[in-house]
Amino acid sequence: MRRLHPQSPPVSRLTEVPAGLLETVTWSERKADLYAVDQYFREAVWTFGDITERMLGIALCMLKSEATAGRRLRPALRILREAGFHPVDAVRFRHDRMTIREVWRYQFNIASRERIEAMDVILPSTETVALVLRDEQWRPGAVPAAVRLNALKGPADPAQRKPEHLRHQLGVVSGLFNFTHISDEPADVLRELAVICDEPRRELVRRRILDDHDARPDALGIFQELEDRNPEHDFDLEASWRRLAAPDGPLAAEGGRRPGLREMLDLTHRTCLDDPHRWDLLTVVTHLLTAMNVEGVTPTVPNVTRDWQPRRLDGVAS
């Protein structure tokens, strides 16, 4: 195919993001080209660009709304610490339509309409806690902290998980009730920090990273506040159906009929965040959702594996 502008410079020349920095934080040339002109990544570089080497030892783990409802916050922190990840900051925020689309901007092209709708009702249900983690095992030249943590997370397929995997230890309920989001590699740690943090909050993250701040008391305090405000939920599918069909439930008038996914999504959209039946509705939605992805479509950027390797400056994979 003929290019309309054959003399156009490479993407990296169209931005102030140094090509050498991109080479350090991602193994994917495709991602490097996209992130070079991604506004969130640019802002992250303004904050963290001069401490890139330090950031290679930093991972990011977001404990999502269902982690609060399912009381997985403290277990997740314990598992991470046992694996050598020490929290240096805890960023508390509530997802909305925009943050959901920006965090998963380069993966949403494969997501089905129903999966996106489900995420829109699940993630804002409570606040998310983003743990900024220092990898105590990381040394210069080693696999980046984000990649090690991503491998520790374990595969999406339950049959392939091992006892040491985070997903196995937390007891993932379903494809959407998996309690955590973990940034793939250093480029994603940088970018996602800029999605969830404005400049003053990013500067605080930077100071706490450089000071090796102990954020465990901060995290535990946030966990307690969230659990005090949000009742525990059991994620039991049949129990959820029964509670929804009870005389005071939103399905009481259905006479035992169990609506399908479309009706349940519409009902959830109409439910306020503090409705006592919200997590029952969300539990049913996650079990009714079977088509997570659009068949035959691949992500805009590839997923990272434990085989991560930094690219040479000439752009040839090492």
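Computed from a predicted structure; not experimentally measured.

Things to note about helix α13 (residues 216–229)
Okay, step 1: End to end, α13 covers 20 Å across 14 residues, agreeing with the expected 20 Å (1.5 Å per residue, within 8%).
Okay, step 2: For α13, every residue scored as buried is listed here: A219, I222, F223, L226 and E227. All buried residues of α13 lie within an arc of 130° about the axis, which places them on one face of the element. In α13, the exposed positions angled more than 90 degrees off the buried face are occupied by P217 and D228.
Okay, step 3: Buried residues in α13 make contact with β1 (58–63), α5 (65–69), α6 (73–82), β2 (85–93) and β3 (128–135).

Brief notes about the confidence of the model for the protein chain
Okay, step 1: Model confidence for the protein chain is summarised by a mean pLDDT of 90, while 90% of its residues fall at 70 or above.
Okay, step 2: Counting contacts from residues 1–13, a segment whose pLDDT is below 50, to residues more than four positions away or on other chains yields seven contacts.
Okay, step 3: In the model, residues 312–318 has pLDDT below 50 throughout and makes eleven contacts with residues more than four positions away in sequence or in other chains.

A few points about the sheet that holds β1
Okay, step 1: On the basis of which strands lie adjacent, the open sheet formed by four strands has the order β2-β3-β1-β4 and antiparallel pairing. The outermost strands of the open sheet, each flanked by one partner alone, are β2 and β4 (180–182). Strand-to-strand twist across the sheet, computed as the mean angle between neighbouring axes with direction ignored, equals 25°.
Okay, step 2: Here β1 pairs with β4 via three bridges, running antiparallel. Pairing of L63 across the sheet is with T180, part of β4.
Okay, step 3: Strands β1, β2, β3 and β4 of the sheet are contacted by helix α9 (residues 145–153), whose axis makes an angle of about 40° with β1.
Okay, step 4: Running over the sheet, helix α12 (residues 199–211) touches β1, β2 and β3 and is turned about 165° from β2.

A look at the environment of T298
Okay, step 1: Take T298: it is sitting in the segment after α16 (278–288).
Okay, step 2: According to the relative accessible area criterion, T298 is exposed, its value standing at 58%.
Okay, step 3: C-alpha of T298 to C-alpha of A111: the two residues are 187 residues apart in sequence and 9.8 Å apart in space.

Regarding the packing of helix α14 (residues 237–245) against α16
Okay, step 1: Remark: α14 packs on α16, axes separated minimally by 9 Å, with the N-to-C direction vectors making an angle of 130°. With respect to their mutual orientation, α14 and α16 come out oblique. Crossing geometry of α14 relative to α16 is assigned as left-handed. Where α14 abuts α16, its residues L237, S240, W241, R243 and L244 lie against D280, L281, T283, V284 and H287.
Okay, step 2: Of the residues assigned to the contact of α14 with α16, the class counts are five nonpolar, three polar and two charged.

Describing the side chain of T128
Okay, step 1: Inspection of the secondary structure assignment puts T128 in strand β3.
Okay, step 2: Ignoring sequence-local partners within four residues, the contact set of T128 consists of M62, L63, K64, S65, V91, R92, F93 and H95.

A look at the pairing of β1
Okay, step 1: Of all six residues that make up β1, six are buried, and the element is covered over most of its length.
Okay, step 2: Inspection of the sheet shows β1 paired to β3 by six bridges, in the antiparallel sense. From the neighbouring strand, A59 faces β3, where its bridge partner is L133.

The rules we used
Residue positions are given per chain, counting from 1 as you read along its sequence in written order. Whole-chain, interface and lining totals are the exception, using all residues; otherwise, since this is a predicted model, local features are given only for residues with pLDDT of at least 70 and side-chain atom pairs are given and counted only at 80 or more. Calculated side-chain values reflect all of the structure's heavy atoms, with hydrogen atoms and water omitted. Strands are runs of DSSP state E lasting at least two residues, helices are runs of H or I lasting at least four, and both sets are numbered from the N terminus onward. What a helix should span is 1.5 Å times the count of its residues minus one. For the exposure calls, accessible area comes from a 1.4 Å probe over protein chains only, and a residue counts as buried if that area is under 20% of its type's maximum, exposed if over 50%, partly exposed in between. What the arc describes is the spread of directions from the helix axis to the C-beta atoms. Here, two residues are considered to be in contact whenever any of their heavy atoms come within 4.5 Å of each other. pLDDT gives the predictor's per-residue confidence on a scale running from 0 to 100. Here the rule is simple: two strands pair whenever DSSP picks up at least two bridges between them. Helix axes are fitted only over the stretch in contact, all axes being lines through C-alpha atoms; the angle between N-to-C directions runs from 0 to 180 degrees. Oblique is the label for any angle not covered by the other classes, which are roughly parallel (under 35 degrees), roughly antiparallel (over 145) and roughly perpendicular (65 to 115). Helix crossings are classified by the rotation of the near helix relative to the far one: an anticlockwise turn of less than a right angle makes the crossing left-handed, while a clockwise turn makes it right-handed. Think of it as three bins: nonpolar holds Ala, Val, Leu, Ile, Met, Phe, Trp, Tyr, Cys and Pro, charged holds Asp, Glu, Lys and Arg, and polar takes everything else, Gly as well.

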